[in-house]
There are 2 protein chains.
Amino acid sequence: MNHLDATGIAEAVSSGATTPGLVAEHFLAQIGRGEPDIQAFVSFDPEAVRKQAGQLEGCAGPLAGVPVGIKDIFDTADHPTEFYSPIYQGNRPSRDAHVVTLLRQAGAIIMGKTHTTEFAYMHTGPTRNPLDLSRTPGSSSAGSAAGMAAGFFPLALGTQTAGSLLKPAAYCGLYAFKPSMGLVSLEGVKPLAPSFDTVGWYGRSVRDLERVARVLIPGFAAFETESRPLRLGFCRTSRWPDVQPPVARAIEQAVAQLAGKGHPVSEVVLPTAFDGVFDDHQLINDCEGARSLAKEFQAHPELLSDSTLAMIKRAKATSWEQESAAKARLAQLAPQLAQICQPFDAMLSVSCAILAPVGLETTGPSDFIKFWGAFGFPQVNLPLARGEGELPAGLQVIGAFRGDGQLLITAQGVVDALAS
Amino acid sequence: MNHLDATGIAEAVSSGATTPGLVAEHFLAQIGRGEPDIQAFVSFDPEAVRKQAGQLEGCAGPLAGVPVGIKDIFDTADHPTEFYSPIYQGNRPSRDAHVVTLLRQAGAIIMGKTHTTEFAYMHTGPTRNPLDLSRTPGSSSAGSAAGMAAGFFPLALGTQTAGSLLKPAAYCGLYAFKPSMGLVSLEGVKPLAPSFDTVGWYGRSVRDLERVARVLIPGFAAFETESRPLRLGFCRTSRWPDVQPPVARAIEQAVAQLAGKGHPVSEVVLPTAFDGVFDDHQLINDCEGARSLAKEFQAHPELLSDSTLAMIKRAKATSWEQESAAKARLAQLAPQLAQICQPFDAMLSVSCAILAPVGLETTGPSDFIKFWGAFGFPQVNLPLARGEGELPAGLQVIGAFRGDGQLLITAQGVVDALAS
């Protein structure tokens with residue numbers, strides 16, 4: 001089962017070549033071997049997994065028998081939902097988040113709840129990076145990403161506000177897709193900064209990302225691969241000097257390889273007006289995060305982590321006018337960025353400036369991810385393998401707002417070109 | 001207690017002039033008398049009300065002892081939450097919606113759950129308009145509005161996607177406030193069309209609206225009345241010919257009265273590019289509504305109302321490109337509208353084209369409300385009393401995006417000018 005992606009597993013189950021029970025046992029065995037080291041799960045019950053698999057015998061849904069990890073920021077009726085906060089210890093939602101229900105309706109097996117940082121902000125849990133146990137898997141979708149890299153499930157749900165989906169994908173070497181803002185329902189997902197909060201997911205291939213999109217976004221455009229040359233932009237942004245040399249080399253080699261394969265890549269230099277996007281994102285994230293967590297702060301400030309308290313403190317020191325001005329700047333820049341990106345099928349960049357750092361407490365900056373997320377554009381991480389035994393780098397591929405179908409087609413084209 | 005607004009009640013409780021228990025008994029008696037005719041509640045338990053009141057003795061919070069009605073689209077841990085859908089019969093959330101928790105933390109008494117249309121869309125319940133029992137109270141926040149007009153509580157929560165908060169306010173003669181998009185957490189609120197969904201509320205005065213804003217929007221600017229002349233726009237929009245003569249007369253008289261009191265009012269005629277906003281709002285509402293209700297439609301299409309099924313059918317007949325184009329048009333018009341509104345403290349318009357219509361099944365169009373909601377602008381309804389025994393009309397006052405504090409100050413100025 002290790003050689004199959006989620007699409008392959010669903011096809012094998014639907015055709016009767018295997019059963020949900022056999023699929024479940026394969027992944028349960030993987031979890032049994034790896035979980036003591038990785039600690040991807042906050043809630044996991046093998047008997048509940050087997051029971052779901054039994055009920056899915058004969059299922060032919062688009063995710064028939066496919067095991068999925070669910071970040072513990074989504075409500076689930078059959079697992080506690082704790083947001084990695086002691087305030088919510090033992091919290092048992094009465095119903096599933098919208099997307100969890102859609103996954104179940106498509107035939108997926110919910111494998112359990114995976115580690116998140118506290119409220120999907122910064123305070124980290126114990127999850128380790130399967131590629132190097134001394135390193136973080138990234139945050140905040142840590143458990144979903146680490147579980148993917150460890151082979152615990154071939155699909156997983158995450159969320160992204162700043163860098164929470166693509167950063168772990170870059171550090172763990174995963175395919176990840178964060179759709180355009182507003183396409184996927186956030187019902188039953190704990191809000192952090194609603195201007196940016198978006199559901200996303202990990203898969204084992206670009207076609208896996210597209211298959212989940214069709215399940216979670218009814219009416220999502222079908223996936224067709226194209227063979228014409230791709231029109232690609234390469235945008236470093238003003239933070240490029242922060243990129244570690246080995247990461248920069250991996251990205252620049254990929255860009256050169258794409259050009260060499262007949263896909264023209266144009267380097268795009270943004271006007272300096274975009275230099276403030278990183279700080280504006282953080283300011284808005286702080287203010288909205290403080291509002292989203294107001295009830296927890298009022299009732300249980302002593303149970304919040306230092307990083308969350310620091311966010312709330314920064315928000316209190318920020319005026320209404322400062323927040324309004326930051327939002328107005330982003331609203332003004334959005335159509336300019338759309339116009340800059342318009343000639344291209346997709347824009348390329350780096351997902352993270354660094355390789356997965358050593359230690360579990362901090363996970364590094366998210367600048368290159370939040371830059372595009374600030375405008376609600378859809379984003380993909382493609383894992384770039386480096387040398388034998390070396391950590392992967394993440395190539396970020398960015399689409400036009402609501403151009404999610406074209407982005408996935410282009411991402412597949414990039415994968416094909418880099419593999420050939 | 002009938003002569004006090006929510007602010008007055010909270011002050012009386014905080015000062016010890018009355019107790020939460022006495023307040024509760026007053027409103028319970030009102031409900032006992034009126035509810036058989038009005039049918040505002042879907043869930044109501046007088047003993048639970050008395051228990052909350054008992055626990056609030058000595059409370060000095062900003063809403064100390066103030067009874068609040070909660071539209072049954074917000075999750076509540078102590079009442080079923082059914083969204084007026086048989087799919088959710090007996091649904092018992094494990095925790096309160098964010099705003100319900102904030103109300104409790106401020107000292108409010110949750111009086112019960114009030115009637116909503118199915119999923120806050122169009123399919124109506126049995127609630128009657130207290131001003132004329134043969135007429136609808138409007139939708140979708142029907143029970144909250146009717147309960148306000150019947151004196152069951154001095155504050156109530158609603159939501160607005162198209163016209164769901166201001167329409168019932170206009171029909172029932174209420175003060176209503178729908179803040180700027182994105183300021184109030186939607187955690188635990190059933191989504192319909194996330195591009196427009198906003199929490200709002202009813203109060204007995206503009207200062208009530210502002211008091212709730214400070215509870216539900218941490219950091220909300222404090223309220224100061226100003227005595228300088230207001231700078232007001234009056235914007236009819238292209239749908240003005242739909243306005244019934246008695247409604248038009250009431251609005252035009254109010255506008256003339258304001259001008260006569262020394263507040264200059266400039267009539268603003270919008271470019272024809274804005275004529276499509278009404279239809280674009282509906283198209284996006286259809287497409288997003290169908291996505292939000294995808295899991296219910298997949299599992300229980302036979303339990304959805306005809307109007308909801310019709311929405312989903314329209315969404316299926318709408319292409320991805322059509323929806324993208326509608327969203328792009330609104331995004332392009334938003335800064336133009338902001339610029340048009342910029343010279344004014346607030347814009348005036350009508351809330352509803354008609355007075356509350358006879359019958360309970362349909363509630364009339366929401367065009368004049370959704371026009372401004374399409375851009376996320378904050379909106380207030382001010383009740384305009386007409387002749388003795390006549391139904392009220394609704395004066396809509398619209399502020400700049402995130403100019404919610406200025407909007408409330410201006411609305412108070414308008415109230416003062418019309419009363420003097």
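A quick note: this is a predicted structure, and the numbers were derived from the prediction, not measured. (Residues numbered from 1 in each chain as written. Chains lettered and ligands numbered in written order. Predicted model: local features only at pLDDT ≥ 70, side-chain atom pairs only at ≥ 80, totals over all residues. Heavy atoms only, no water.)

The next point concerns the relation of the copies chain B and chain A. Rotating chain B by 180° and translating it 0.0 Å along the rotation axis places it on chain A, where the RMSD comes to 0.0 Å. Overall, the copies show the geometry of a two-fold rotation axis. By C-alpha distance to the rotation axis, the residue of chain B lying nearest is Ser94(B), at 2.7 Å. Most of the interface of chain B is mirrored in chain A: 100% of its interface residues are interface residues there too. (Least-squares fit on C-alpha atoms with pLDDT ≥ 70 in both. Contact = heavy atoms within 4.5 Å.)

With that settled, consider the sheet that holds strand E5 (residues 175–178) of chain A. Whether parallel or antiparallel, the strands of a sheet pair through hydrogen bonds between backbone atoms. Residues and elements named next belong to chain A. Reading across from one edge, E1-E3-E2-E4-E6-E5-E10-E11-E9-E7-E8 is the order of the 11 strands in this open sheet, with mixed pairing throughout. Each edge of the open sheet is held by one strand with a lone partner, namely strand E1 (41–43) and strand E8 (265–268). Geometrically, the sheet is characterised by an average inter-axis angle of 30° between neighbouring strands, direction not taken into account. Examined bridge by bridge, strand E9 (residues 346–350) and strand E11 (residues 393–398) share four bridges and lie antiparallel to one another. In the sheet register, Val350 faces E11, and the bridge partner there is Leu395. Strands strand E7 (232–235), E8, E9, strand E10 (379–384) and E11 of the sheet are contacted by helix H8 (residues 245–260), whose axis makes an angle of about 150° with E9. (Pairing = 2+ DSSP bridges. Helix = DSSP H or I, 4+ residues; strand = E, 2+ residues; numbered from the N terminus. Axes fitted to C-alpha atoms, helices over the stretch in contact; angles between N-to-C directions.)

This paragraph deals with the interface of chain B and chain A. In many reports, interface size means the accessible area that the parts give up when they come together. With 34 residues of chain B at the contact, the number on the chain A side is 34 residues. Roughly 3100 Å² of surface becomes buried between chain B and chain A when both sides are summed, with 53% attributable to carbon and sulfur atoms. Linking chain B with chain A are eight salt bridges, by the criterion used here. At the boundary of chain B with chain A, the tally comes to 24 residue pairs in polar contact (both at pLDDT 80 or more). Elements with a minimum of two residues in the side of chain B that touches chain A: helix H4 (98–105), helix H9 (277–292), helix H10 (294–299) and helix H12 (320–341) of chain B. Looking at the side of chain B that touches chain A, its residues break down into 13 nonpolar, 11 polar and 10 charged. (Buried area = accessible area lost by both parts, 1.4 Å probe. Salt bridge = Lys/Arg side-chain N within 4 Å of Asp/Glu carboxyl O. Polar contact = N/O pair within 3.5 Å; in protein donor to acceptor, adjacent residues only side chain to side chain. Nonpolar A, V, L, I, M, F, W, Y, C, P; charged D, E, K, R; others polar.)

This paragraph deals with the side chain of Asp345(A). All names here are of chain A. Position of Asp345 relative to the elements: it lies in the loop between helix H12 (320–341) and E9. You can call Asp345 buried: its relative accessible area is 6%. A polar contact of 2.9 Å, which involves the side chain of Asp345, links it to the side chain of Arg228. In terms of polar contacts, Asp345 uses its side chain to reach the side chain of Arg231, at 2.5 Å. Setting aside residues no more than four positions away along its own chain, Asp345 makes contact with Arg228, Pro229, Leu230, Arg231, Gln406 and Thr410. (Buried < 20%, exposed > 50% of the residue type's maximum accessible area, 1.4 Å probe, protein only.)

Turning our eyes to something else, we now look at unusual backbone geometry. Residue and element names in this part refer to chain A. At the junction of Ser139 and Ser140, the peptide bond is cis and its omega measures out at 5° in the coordinates. Among the structural elements, Ser140 can be located in the loop between strand E3 (109–114) and helix H5 (142–149). Despite not being glycine, Thr237 has its phi angle at roughly 65°, a positive value. Its place among the elements puts Thr237 in the loop between E7 and H8. On the basis of relative accessibility, which here comes to 13%, the residue Thr237 falls in the buried class.

All right, on to the pairing of E9(A) then. Regular strands have side chains that alternate between both faces of the sheet. All names here are of chain A. When you tally the buried positions in E9, you get five out of five residues, the bulk of the element. Judged by which residues are buried, E9 turns out to be covered on both faces: Ala346, Leu348 and Val350 on one side and Met347 and Ser349 on the other are all buried. The pairing of E7 with E9 spans three bridges and is classified as parallel. Residue Leu232 lies in a different strand from E9, and its bridge partner there is Ala346.

This part takes up the packing of aromatic side chains. Here the structure, examined in full by the defined rule, presents 32 aromatic pairs over all chains. A ring pair is formed by Phe274(A) and Phe371(A), whose centres lie 6.2 Å apart and whose planes are at 50°; its orientation type is tilted. Here Phe274(A) is found in the loop between E8 and helix H9 (277–292), whereas its partner Phe371(A) is found in helix H13 (residues 367–373), with 97 residues between them in sequence. One exposure class covers both Phe274(A) and Phe371(A), and it is buried. An angle of 75° between the planes, with centres 4.9 Å apart, marks the rings of Phe83(B) and Tyr88(B) as edge-to-face. The pair formed by Phe83(B) and Tyr88(B) is uniform in burial state, with each residue classed as buried. (Phe/Tyr/Trp six-rings, centres within 6.5 Å; stacked < 30°, edge-to-face > 60°.)

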